[in-house]
Amino acid sequence: MRPVTVAAAQVGPIALETTRSATVTRLIGLMQRAKARGADLIVYPELALTTFFPRWYFEDEADLDRFYERQMPGPETRPLFEAAGDLGIGFSIGYAELTADGTRFNTAILVDTSGAIVGKYRKIHLPGHREHEPWRAFQHLEKRYFAPGNLGFRVFDAFGGRIGMAICNDRRWPETYRVLGLQGAEMVLIGYNTPIHNPPAPEHDRLSWHHNEIVLQSGAYQNATFVVGVAKAGVEEGVPQMGGSLIAAPTGETIAQAVTEGDELVIATCDLDLCKSYRDSVFAFERHREPGAYALVTGTKGPVTPEEAQKIDPALARPDD
Ligand code: ING
């Protein structure tokens, strides 16, 4: 048995004018409650220190700087690290990162019970658009405000197991989980900010919770890992964002789930040894995968014609005699 008690700390709306220190105080409150309920690790959402600012177009880039962290921990976030060290609990948190060379990333870190940063991830799948699109009820300018992550999908040995991280839109792409699964991930932590309305495809809106659940469950099952999905939820600056935070087991089942759209702890004790039941049988990658048949998966970004596909994977041109 290798139990890890994890708390998905769903966070309700954060207003534009809310100060970082007020938000950090709120996050520490959730941390204290999680510890009191036996959590070893608390997982906060994507961009958990500020409002989800990609919903607005900022003409003057100088107006963006206020949303990014230059240091982690910095003066306003250090109390979170100190609280974690005092309580003896680890945490993961998403935030907007501004690097010394001026690059902007949508980032998440993993901090162990000693308060040391033991993992960092920069969001690779950036959804939305780059240019201001006034027709939209609200913007989703992640392609404008962040660079694609440059650290790959990594795993980190901590909390007695192997932890992976991803952020929001990453959870919709099976490649995310497979790259982590191929490194032996046993628990994948994924914070998200998901507007319920998607202006280019309003017909999807009613399915927001369904899509969230199937991608987290399938990522867990198909890669023999626990998956912890954590929302920034509620109506934030007029934009409804879904909750639906949940913990999925390697069985593919949801084992704990949020029932509100506000601050809520979703807690489960996860025995990481449960991963073995799937990792050593139906998803014994080394026995059952056939990478020779997957050339198109990394051979092209978008769809290709059958002729182009045959150039990438000659097997597709073989006579089916
Ligand atoms: N948010 C959304 C997500 O992938 C989105 C973007 C919204 C995609 C609605 C599809 C439908 O959950 C972020 N921040 O990636």
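Going by the structure above, here's the rest.
Described in the following lines is the structure provided in the data block. (Residues numbered from 1 in each chain as written. Predicted model: local features only at pLDDT ≥ 70, side-chain atom pairs only at ≥ 80, totals over all residues. Heavy atoms only, no water.)

Looking now at the packing of aromatic side chains. Inspection of every chain in the model, using the stated rule, returns 13 aromatic pairs. Here the basic side chain of Arg55 rests over the ring of Trp56, its NZ or CZ set 5.2 Å away from the ring centre. In this arrangement the basic side chain of Arg104 is found over the ring face of Tyr68, its NZ or CZ atom lying 5.1 Å from the centre. (Phe/Tyr/Trp six-rings, centres within 6.5 Å; stacked < 30°, edge-to-face > 60°. Lys NZ or Arg CZ within 6 Å of the ring centre and 35° of its normal.)

For helix α1 (residues 20–36), which comprises 17 residues, the first-to-last C-alpha distance of 24 Å matches the rise-based estimate of 24 Å (1.5 Å per residue) to within 8%. If you check which residues of α1 are buried, you get Arg20, Thr23, Val24, Leu27, Ile28, Leu30, Met31 and Ala34. Take α1 and look down its axis: the buried residues cluster within an arc of 160 degrees, on one side only. Exposed residues pointing more than 90 degrees away from the buried face of α1 are listed as Thr25 and Ala36. Against β1 (3–10), β2 (41–43), β3 (68–69), α2 (78–87), β4 (90–98) and β15 (264–271) lie the buried residues of α1. Just downstream of α1, Gly38 is the residue with a positive phi angle, here 90 degrees. (Helix = DSSP H or I, 4+ residues; strand = E, 2+ residues; numbered from the N terminus. Expected span 1.5 Å × (residues − 1). Buried < 20%, exposed > 50% of the residue type's maximum accessible area, 1.4 Å probe, protein only. Arc of directions from axis to C-beta. Contact = heavy atoms within 4.5 Å.)

This part is about the site of the ligand. Within the structure, the ligand sits among 14 residues, and Glu142, Cys168, Asn169, Arg172 and Thr194 are positioned closest to it. Here Lys123 contributes a side-chain N or O atom positioned 3.1 Å from an oxygen atom of the ligand. Side-chain polar atom of Glu142 to a nitrogen atom of the ligand: 2.8 Å apart, as the coordinates give it. For the ligand, the protein covers 87% of the area, taking 370 Å² as the surface of the free molecule. Of the residues belonging to the shell around the ligand, the class tally is four nonpolar, five polar and five charged. (Near = heavy atom within 4 Å. Polar contact = N/O pair within 3.5 Å; in protein donor to acceptor, adjacent residues only side chain to side chain. Areas by Shrake-Rupley, 256 points an atom, 1.4 Å probe, with all protein chains shown as cover. Nonpolar A, V, L, I, M, F, W, Y, C, P; charged D, E, K, R; others polar.)

Bringing the side chain of Asp205 into the picture now. Within the fold, Asp205 resides in the loop between β9 (187–192) and α5 (208–222). Nearest to the buried, unbridged Asp205 among oppositely charged side chains is Arg206, at 9.4 Å. There is a polar contact of 2.6 Å between the side chain of Asp205 and the side chain of His197. Within the local environment of Asp205, its side chain forms a polar contact with the backbone nitrogen of Asn198, the two atoms lying 3.0 Å apart. With residues near it in sequence (within four places) discarded, Asp205 still touches Ile196, His197 and Asn198. (Lys, Arg positive; Asp, Glu negative; His and termini not counted. Salt bridge = Lys/Arg side-chain N within 4 Å of Asp/Glu carboxyl O.)

The next thing to look at is the environment of Gln183. The topology assignment puts Gln183 in the loop between α4 (174–181) and β9. By relative accessible area, Gln183 is classed as partly exposed at 31%. Remark: the alpha-carbon pair of Gln183 and Phe156, spanning 27 residues in sequence, is separated by 9.7 Å. Ignoring any residue separated from it by four or fewer positions in sequence, one finds Gln183 in contact with Phe153, Arg154, Val155 and Arg162.

Attention shifts here to the sheet that holds strand β7 (residues 155–158). Taken in spatial order, the six strands of this open sheet run β7-β8-β9-β10-β13-β14, and their pairing is mixed. Edge positions in the sheet fall to β7 and β14 (254–257), since each of these pairs with one other strand and no more. Adjacent strand axes in the sheet meet at a mean angle of 20 degrees when their direction is disregarded. Judged from the three bridges that link them, strand β13 (residues 246–248) and β14 form a sheet pairing that is antiparallel. (Pairing = 2+ DSSP bridges. Axes fitted to C-alpha atoms, helices over the stretch in contact; angles between N-to-C directions.)

Locating Ala284 in the fold gives a position in the loop between α6 (274–279) and α7 (285–288). Along the backbone, Ala284 and Asp157 are 127 residues apart, and their C-alpha atoms lie at a distance of 21 Å.

Take the pattern of salt bridges next. Evaluated as defined, the whole model comprises 17 salt bridges. Glu46 is the salt-bridge partner of Lys123, the closest N and O atoms lying 2.9 Å from each other. Note that Lys123 is positioned in the loop between β6 (117–122) and α3 (142–145) and Glu46 in the loop between β2 and β3, a separation of 77 residues in sequence. Each member of the pair, Lys123 as well as Glu46, carries the same accessibility label: buried. The closest approach of N and O atoms between Glu133 and Arg136, which form a salt bridge, is 2.7 Å. In this structure, a network of salt bridges that share partners links the residues Arg2, Glu186 and Asp273.

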